[in-house]
Number of protein chains: 2
Amino acid sequence: MPRYKILIEYDGTGYAGWQRQANAISIQECIEESIESFSQEKVTLFSAGRTDTGVHAVGQVAHFDLKKEHGAYTVTGALNHFLKTKGIVILETEIVDENFHARFSAKKRFYKYIILNRSAPPALDLNKVWHVKEPLNVDVMRLASGYLIGNHDFTSFRASECQAASPVKTIDEIEILLDEDYIVTYISAPSFLHHMVRNIIGTLKMVGCGKWQPEDVKTALEAKDRAAAGQTAPACGLYFLKVQYE
Amino acid sequence: MPRYKILIEYDGTGYAGWQRQANAISIQECIEESIESFSQEKVTLFSAGRTDTGVHAVGQVAHFDLKKEHGAYTVTGALNHFLKTKGIVILETEIVDENFHARFSAKKRFYKYIILNRSAPPALDLNKVWHVKEPLNVDVMRLASGYLIGNHDFTSFRASECQAASPVKTIDEIEILLDEDYIVTYISAPSFLHHMVRNIIGTLKMVGCGKWQPEDVKTALEAKDRAAAGQTAPACGLYFLKVQYE
């Protein structure tokens, strides 16, 4: 039974996130339906990351099995035909070994978060950035981010609904770039807790606007208490960027 | 009578361009109405460039006069209040000398054009880029663009409806950047003919995909015939970037 790995870009606006839900439309459901329309086979999709409502993806990865073998190029074209106008696009399809699992074979996940830092709201980037009016100091945000890199107990940055077995995670990198009014944060780790990236961004924003000192992030981390860290940054600024497999 | 200069960002999707029309909604009309809602005065807006249907702006400039004097910050906030959800945002307001004219005082105009060059259609950038499937060679596009820089008769790159007195224009700069699948062209000149940027991009694309040699752009320019140059690139990839005043 051939296994198909797909690389996906989506605009999360208007979707109830990746995961299939009873009463709301999800990315997973749309893609599963397009696979069914194309192949006449019912499938379950497994993804590298279950993005939340309103979160976007530049390079989400998922896999599914079909009884019949199709060419990779045919699958991409057929799915994009059925996904047309849905804000979901298959960038690439690959036929992979049956040992490949989009979620469990992933070695590293990369996210990007975009803040639009200016007084005026976004026109071109509506639903694609977090609009922060107060001027943010990127230098102190960078200093603060240093406390989060490495292996830590991230309880303070974990949503209460998080189902992970352990709050201990390893952040490999946080890079914060400034491009005119855009503050773009790149963050990578083997895996993340629920809301972890958004809680980190909300906390770095407290430092950027001067309400917190960079060292307060260290204190928040050590408190192992969600209430000790900053707010959860809005979903619309978050992009699931890519996944690295062995 | 105080004159107000406004800096504007807009998403041109769904608008019949800048200029007020009888049977379609324009950017000009929306902003004029928001000024009227705020000030109770009827005004006419003059802009640095009359963008076409579907063209976006990052830094359009316009001016208008009001009998009453308001603070610049108040004007920005009030207009953005009335423009909310319209995809139009006032970035800044300045009270200027009555000799200032958004169109006639402009010394240089800057545009940017974005091509998404990949097989899959855009999900995140729907209506914001020109999707070109055939692989484009940016190096030869850069070579070709060199023939267009400087003072030339741009009849071959001018729309038949163009109302400019002369087809002679001076292009100061064309810069083509490649960022993953995005080919972004920056182009500046004191002023442009109607459709000039889009006709240039459509022509450079012919070179990029290998159907034309770079020198064919020189031949097209010298022909002084619209039929000699390439197609008009779609409006949705074009952004009015900024205006330089003395």
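Residues numbered from 1 in each chain as written. Chains lettered and ligands numbered in written order. Predicted model: local features only at pLDDT ≥ 70, side-chain atom pairs only at ≥ 80, totals over all residues. Heavy atoms only, no water.

Draft legend 1. Representation of the interface of chain A and chain B. Chain A puts 21 residues into the contact, and the matching count from chain B is 21 residues. Contact between chain A and chain B buries roughly 1,500 Å² in total, counting both sides, with carbon and sulfur atoms accounting for 63%. The largest contributions to the chain A side of the interface with chain B come from A:Glu9, A:Ala123 and A:Leu124, which together make up 42% of the buried area. Inspection of the chain A/chain B interface yields 2 salt bridges. Notably, a salt bridge pairs A:Arg118 with B:Glu9, separated by 2.8 Å at the nearest N-O pair. Remark: the boundary between chain A and chain B carries 8 residue pairs in polar contact (both at pLDDT 80 or more). Going through the elements one at a time, β1 (3-10), β3 (56-65) and β4 (88-96) of chain A are the ones with two or more residues in the side of chain A that touches chain B. Counting residues per element, the side of chain A that touches chain B draws most heavily on β4(A), which supplies 4 residues. (Contact = heavy atoms within 4.5 Å. Buried area = accessible area lost by both parts, 1.4 Å probe. Salt bridge = Lys/Arg side-chain N within 4 Å of Asp/Glu carboxyl O. Polar contact = N/O pair within 3.5 Å; in protein donor to acceptor, adjacent residues only side chain to side chain. Helix = DSSP H or I, 4+ residues; strand = E, 2+ residues; numbered from the N terminus.)

Draft legend 2. A look at helix α5 (residues 215-223) of chain B. Residue and element names in this part refer to chain B. Three or more residues of α5 are buried, namely Val-217, Ala-220 and Leu-221. Along the axis of α5, the buried residues cluster in a sector spanning 100 degrees; they form a single face. Residues of α5 that are exposed and point more than 90 degrees away from the buried face comprise Thr-219 and Glu-222. Packed against the buried residues of α5 are α3 (138-145), β7 (150-153) and α4 (196-208). (Buried < 20%, exposed > 50% of the residue type's maximum accessible area, 1.4 Å probe, protein only. Arc of directions from axis to C-beta.)

Draft legend 3. Broad picture of the side chain of B:Lys205. Residues and elements named next belong to chain B. Structurally, the position occupied by Lys-205 is in helix α4. Judged by its relative accessible area of 7%, Lys-205 is buried. Setting aside its immediate chain neighbours within four residues, Lys-205 contacts Trp-130, Val-132, Glu-134, Leu-136, Met-141 and Gln-231.

Draft legend 4. Representation of the relation of the copies chain A and chain B within the structure. With an axial shift of 0.0 Å and an RMSD of 0.0 Å, the rotation relating chain A to chain B amounts to 180 degrees. Taken together, the rotation and translation describe the operation of a two-fold axis. When C-alpha distances to the rotation axis are compared across chain A, the minimum falls at A:Asp125, with a value of 5.0 Å. Both copies present the same face, since 100% of the interface residues in chain A are matched by interface residues at the equivalent positions in chain B. (Least-squares fit on C-alpha atoms with pLDDT ≥ 70 in both.)

Draft legend 5. Geometry of helix α5 (residues 215-223) of chain A. Each element contacted by the buried residues of α5(A) is listed here: α3 (138-145), β7 (150-153) and α4 (196-208) of chain A. Of the residues flanking the end of α5(A), it is A:Lys224, one or two places downstream, whose phi is positive at about 50 degrees.

Draft legend 6. Main features of the packing of α3(A) against α4(A). Residue and element names in this part refer to chain A. The N-to-C vectors of α3 and α4 enclose an angle of 130 degrees; their axes lie 8 Å apart at closest approach. The angle between α3 and α4 places the two elements in the oblique class. At the point where α3 passes α4, the crossing takes the right-handed sense. In this structure, α3 uses Val-140, Met-141, Ala-144 and Ser-145 to contact α4, whose residues at the interface are Leu-204, Lys-205, Val-207 and Gly-208. A class-by-class count of the residues in the contact of α3 with α4 yields 5 nonpolar, 2 polar and 1 charged. (Axes fitted to C-alpha atoms, helices over the stretch in contact; angles between N-to-C directions. Parallel < 35°, antiparallel > 145°, perpendicular 65-115°, else oblique. Left-handed = near helix turned anticlockwise from the far one by under 90°. Nonpolar A, V, L, I, M, F, W, Y, C, P; charged D, E, K, R; others polar.)

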